[in-house]
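Analysis of the macromolecular model
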Amino acid sequence: MKTSQNTVLLIGGTAGIGLEIAKQLTASDNHVIVTGRTQERLDAVAASLPNVTTILSDVSKAEDVELLVSKIKADFPQLNMVINNAGRAILYNLADPDQDAFANAEDEMLTNYLSIIRINQKLLPVLKKQTESAIVNVSSIVAYVPGATLPTYGASKAALHSYSTSLRLSLEETSVKVFELMPPLVDTEFSKEIGGHNGIKPSVVADNLLTALANDDFEIRVGDTAKIYELFRQSPADALNVMNANRKAWIESTK
């Protein structure tokens, strides 16, 4: 996949990993359409980066998606890349009866999984018209091995991983390539509650993405994700233990 002179729709690009991806793509001569749910953050992106278009849009809302797709078709018919980076993560204990596991899972599944299926489906006709195009779904290390602290977030990312694989197989005879970006813990505001300061920099994730696009590496296991994946292949039980090494201390802290 070429990494320059693309027209890219970046869902969720105003902070963290998404913002770093936007920076690196615009620096590589791509036009990036950045969506977000906060106008103030979108204005900051527009002021700081060249060659961007910002659109206020919430991918979890059907009416926003309809408006976004209509604008893309009208104003950016050359769109050839969609990066699904919007995410929702809720830190809680499944064993706590006071936590609403269903509501949490419903929220996370809508944003992290179902909304991605919807936006991809609606934009596939545009992508298929291009000589070369791509969909990038941003999942997580927990797509392979779940963690107790983010139980239904992990489930949503596992679902996204499975869907991404199926979508890749379904589109293999078309111009659309399907990539899955799987970061480990990253130092962002999004991961602050789960010790994000111990994670890698967003720039590392963006670097890995651009390299993988150029090499057509469809499953992009960044940093510790690659290590956990290899451990999971050798011993799923060991991988689960490593991912949940601090589980008991965390559960005690929530009581």
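Above this note sits the structure.
These numbers come from a predicted model, not from an experiment.

Observations concerning the overall build of the chain
Scanning the chain from N- to C-terminus turns up 9 helices and 7 strands. Overall, the chain is about 55 × 40 × 30 Å in size when its C-alpha atoms are taken along their principal axes. Here the chain holds 255 residues, and 49% of them are scored as buried. Considering only contacts in the chain between residues 6 or more positions apart, those separated by 24 or more positions represent 68%. Across the chain, the mean location of the 23 positive side-chain charges is 2 Å away from that of the 30 negative side-chain charges.

Let's talk about the pairing of strand 6 (residues 176-182)
Counting buried positions over the 7 residues of strand 6 gives 6, a clear majority of the element. Across 6 bridges, the pairing between strand 5 (residues 133-138) and strand 6 is parallel. Looking across to strand 6, one finds that Val136 is bridged to Phe179. In this region the chain leaves strand 5, passes through helix 5 (residues 151-170) and returns to the parallel neighbour strand 6; the handedness of that crossover is right-handed. Note: strand 6 against strand 7 (residues 219-221), 3 bridges, orientation parallel. Within strand 7, the residue paired with Glu180 across the bridge is Glu219.

As for unusual backbone geometry
In this structure, Gln5 is a non-glycine residue whose phi angle is positive, near 60 degrees. Along the chain, the position of Gln5 falls in the segment before strand 1 (7-11). On the basis of relative accessible area, Gln5 is assigned to the exposed category, the value being 59%. Notably, Asp216 is not glycine yet its phi reads approximately 55 degrees, a positive angle.

Details of the packing of aromatic side chains
Counted by the stated rule, this structure contains 3 aromatic pairs. When the centroid spacing of 6.3 Å and the interplanar angle of 80 degrees are considered together, the rings of Tyr113 and Tyr163 count as edge-to-face. With Tyr113 in helix 4 (residues 101-128) and Tyr163 in helix 5, this pair connects stretches of sequence that are 50 residues apart. One cation-aromatic arrangement involves Arg221 over Tyr229; the distance from NZ or CZ to the ring centre is 3.7 Å.

Details of the side chain of Arg168
Looking at where Arg168 falls in the secondary structure, it is placed in helix 5. Arg168 has contacts with Val178, Phe179, Glu180, Phe218 and Glu219, leaving out every residue within four places of it along the chain.

Focus: the sheet that holds strand 5
Pairing is parallel in the open sheet, where 7 strands are placed in the order 3-2-1-4-5-6-7. If you trace the sheet from one side to the other, it starts and ends with strand 3 (52-56) and strand 7, each paired once. Looking at each pair of strands side by side, their axes are set apart by 15 degrees on average, direction ignored. Docked against the sheet, helix 2 (residues 39-48) engages strand 2 (31-36) and strand 3, running at close to 175 degrees with respect to strand 3.

What counts as what
- Residues numbered from 1 in each chain as written.
- Predicted model: local features only at pLDDT ≥ 70, side-chain atom pairs only at ≥ 80, totals over all residues.
- Heavy atoms only, no water.
- Helix = DSSP H or I, 4+ residues; strand = E, 2+ residues; numbered from the N terminus.
- Buried < 20%, exposed > 50% of the residue type's maximum accessible area, 1.4 Å probe, protein only.
- Contact = heavy atoms within 4.5 Å.
- Lys, Arg positive; Asp, Glu negative; His and termini not counted.
- Charge placed at Lys NZ, Arg CZ, Asp CG, Glu CD.
- Pairing = 2+ DSSP bridges.
- Right-handed = clockwise from strand over helix to strand, strands pointing away.
- Phe/Tyr/Trp six-rings, centres within 6.5 Å; stacked < 30°, edge-to-face > 60°.
- Lys NZ or Arg CZ within 6 Å of the ring centre and 35° of its normal.
- Axes fitted to C-alpha atoms, helices over the stretch in contact; angles between N-to-C directions.

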